[in-house]
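One-letter residues, chain by chain:
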Amino acid sequence: MQDTPFERLKLHCSADWRFITSARARTAELLSRLRALNLPQNQNTSLVIFGSAGRYELTADSDLDWSLLVDGPADPAHVELLHRLKQALHGIAAEPGPTFGGLTSSYELVHYIGGVRDTNLNLTIRMLLLLESRSVNNDIVHERVIRAILNRYITSSTSVAWHEAPVEIIPRFLLNDFVRYWRTITVDYAAKRWEQSDKKWGIRNAKLRLSRKLLFVTGLLMCFKFEAEHSDERDAFVSDMATFPQKLAGFLLKETKKSPIGVLSETLLLREADLARRILDPYDAFLAVLDDSDQRRELETLRFEEAANNELFARVRKIGRDFQAGVSALFSLSPFDGLIAEYGVF
Amino acid sequence: MRAYGFSTGALAKGDVQRGVACQADHGVTAVEVSALREFELEPTLTALPGIDFSAFSYVSVHAPSRRQQLSEEELVARLEEFPDHWSIVVHPNTIEDYDVWAAIEDRICIENMDQRKYGRTADELDSVFANLKRAGFCLDLGHAHQVDPTMGVAIELLERYGDALRHVHISEVNSHGQHVPMSFASQYAFSSIAHLLPSDVPVIIESVVGASAVASELATTRAAVDSASLRKVS
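Predicted model only: the values in this text are computed from it and were never measured.

The rules we used
Residues numbered from 1 in each chain as written. Chains lettered and ligands numbered in written order. Predicted model: local features only at pLDDT ≥ 70, side-chain atom pairs only at ≥ 80, totals over all residues. Heavy atoms only, no water. Salt bridge = Lys/Arg side-chain N within 4 Å of Asp/Glu carboxyl O. Buried < 20%, exposed > 50% of the residue type's maximum accessible area, 1.4 Å probe, protein only. Phe/Tyr/Trp six-rings, centres within 6.5 Å; stacked < 30°, edge-to-face > 60°. Helix = DSSP H or I, 4+ residues; strand = E, 2+ residues; numbered from the N terminus. Polar contact = N/O pair within 3.5 Å; in protein donor to acceptor, adjacent residues only side chain to side chain. Contact = heavy atoms within 4.5 Å. Pairing = 2+ DSSP bridges. Axes fitted to C-alpha atoms, helices over the stretch in contact; angles between N-to-C directions.

Honestly, the pattern of salt bridges in this entry has me stumped. Any pointers?
Close approach of charged atoms lets side chains of opposite charge pair. Across all of its chains, the model carries 41 salt bridges over all chains by this definition. Across the salt bridge formed by Lys258 of chain A and Glu255 of chain A, the nearest N and O atoms sit 2.7 Å from each other. On the accessibility criterion, Lys258 of chain A (22% relative accessible area) is partly exposed. Put simply, Glu143, Arg147 and Lys257 of chain A together with Asp148 and Glu156 of chain B are held in one network by salt bridges that share partners.

Shown next, in the form of structure tokens:
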């Protein structure tokens, strides 16, 4: 058994969290299989996976969301590489969703943060890159782009106060964008109901309450982590403000390499076992539903008018509410309560 | 005052004598003898007695970046023939058997790599330095910048191996892995961490330039490393 924060949390809580555990194992196996394919590559590109695979939460019918991340000169060969990757990945898992399966340029991700050129798609890809992405090949390119994004957030976050050491080390610009992304997801959920009526409404509702919300929780924890758990390292970070952005980016980069459950587990290990059960018991139950093809299909085809009388939907809604209650309990604890009040609302 | 100079390979590939001569009149006090390609090793060793290095307070030699004909033992034996006080720059991928390198452990400098090869980050170099504890470190700013233009990787390398830092390589490394004259972007990036380089650490310029560009590239390097002028613009 791997010695990971999640495994240690299971012991700490005497939990088995069977579906989270099997999803992690299934994802690890898929990643190994993908890496063993020796897929064609280019020195300035990285094949990056997102979604449930990126979160280490692959279930039985999960699709494989991926993108070819490009960080270098535009090269016509990139399109040919993309076609070959599509062929090689066909049949390995379900085809990617509409946002994926194509080229993603690093330029927009780094230079268009906020403002009119930061489209919904650009924001989405950038957030998912930070919160739920894994490189299949060329880790260096993947890491380079994430560092550049994080550095942009941090260096753009300076205020007059930061000509001296910051009072609290909270990457505010990044935090605001995580909040913006969460609100965008929730608004887009309502928009899809308007535009697409019942199409996959039920499963979108479930994912909003759970896996999408978990991403937001992960983003908050990433931004609060230094002050909540590493404030004793402050002097090392602020002793030379000229290198502070890179050091903070390096700290956050390490967080992006963990799965959302991994980030959450580290924080929960420092709290009472009961709190971890309140959060991960319902999340495990959620993955159990997704891992059952019949239940997944039932949610995907559920009509809104039928939801009130649907036993599965009622169960998933309760799972979502229990998860929310657990997360709310976590953020009501010190120091998160103060950090949320100071940085999370305005 | 910091010692600056060029790699002979940057000025005259395969011709150490000319590489030294090209920079002789520019007030440089450091030089790196390039034997980057294995077939250059013997001619370089042969040429050394005929070259006057007295003007240089710091001399290093760059070992072949990979072995082709020589065994690892043979390579180390050849490298031992260079003057004792010269640092020997070694790429981590040329080291397979650490025991073979023990004989010259104090003399070698491990160089961080460009994005194509393992040994690019502090984590990737951990096992090398764990096995060659007395080895020095050559920080290649061009390689570090290619791997991470924000210079976070360079800072991490200095934090972890700064105590072993012997000298610095500087140039811009383009997307094809070639060492070229520094553009504004690389000058700007290097100047952001220049204050972390102790003033007694020599800088070896690896930008491939012609004889007519030696003075300008030297001036560009001095400005990036020993002056904060680029940063003042922002």
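How should I be thinking about the packing of aromatic side chains in this particular structure?
The geometry of two aromatic rings is summed up by the distance between their centres and the angle between their planes. Residues and elements named next belong to chain A. Tallying each qualifying case throughout the model produces 21 aromatic pairs over all chains. Where Trp201 meets Phe304, the ring centres are 5.1 Å apart and the plane angle is 75°; that geometry is what we call edge-to-face. One end of the pair, Trp201, is in helix α9 (residues 201-229); the other, Phe304, is in helix α15 (residues 304-307), and 103 residues separate them in sequence. Overall, the relative accessible area of 38% leaves Phe304 in the partly exposed class.

Can you help me understand the side chain of Ser135 of chain A in this one?
All names here are of chain A. Along the chain, the position of Ser135 falls in strand β4 (residues 134-135). Of the polar contacts made by the side chain of Ser135, one reaches the side chain of Asp139; its length is 2.5 Å. Not counting chain neighbours up to four residues away, the residues in contact with Ser135 comprise Arg35, Ser46, Leu47, Val48 and His142.

Explain the sheet that holds strand β2 (residues 65-70) of chain A here, please?
Sheet strands line up and pair through hydrogen bonds in the backbone, either parallel or antiparallel. All names here are of chain A. Strand order in the open sheet formed by four strands is β3-β2-β1-β4, with mixed pairing between adjacent strands. A single partner strand is all that each edge strand has here, and the edge strands are β3 (103-105) and β4. Looking at chain direction, strand β1 (residues 45-50) and β4 are connected through two bridges and run antiparallel. Within the sheet, the bridge partner assigned to Val48 lies in β4 and is Ser135. Contacts between helix α6 (residues 120-131) and the sheet are confined to β1, β2, β3 and β4, with β1 contributing the most and set at about 85° to the helix.

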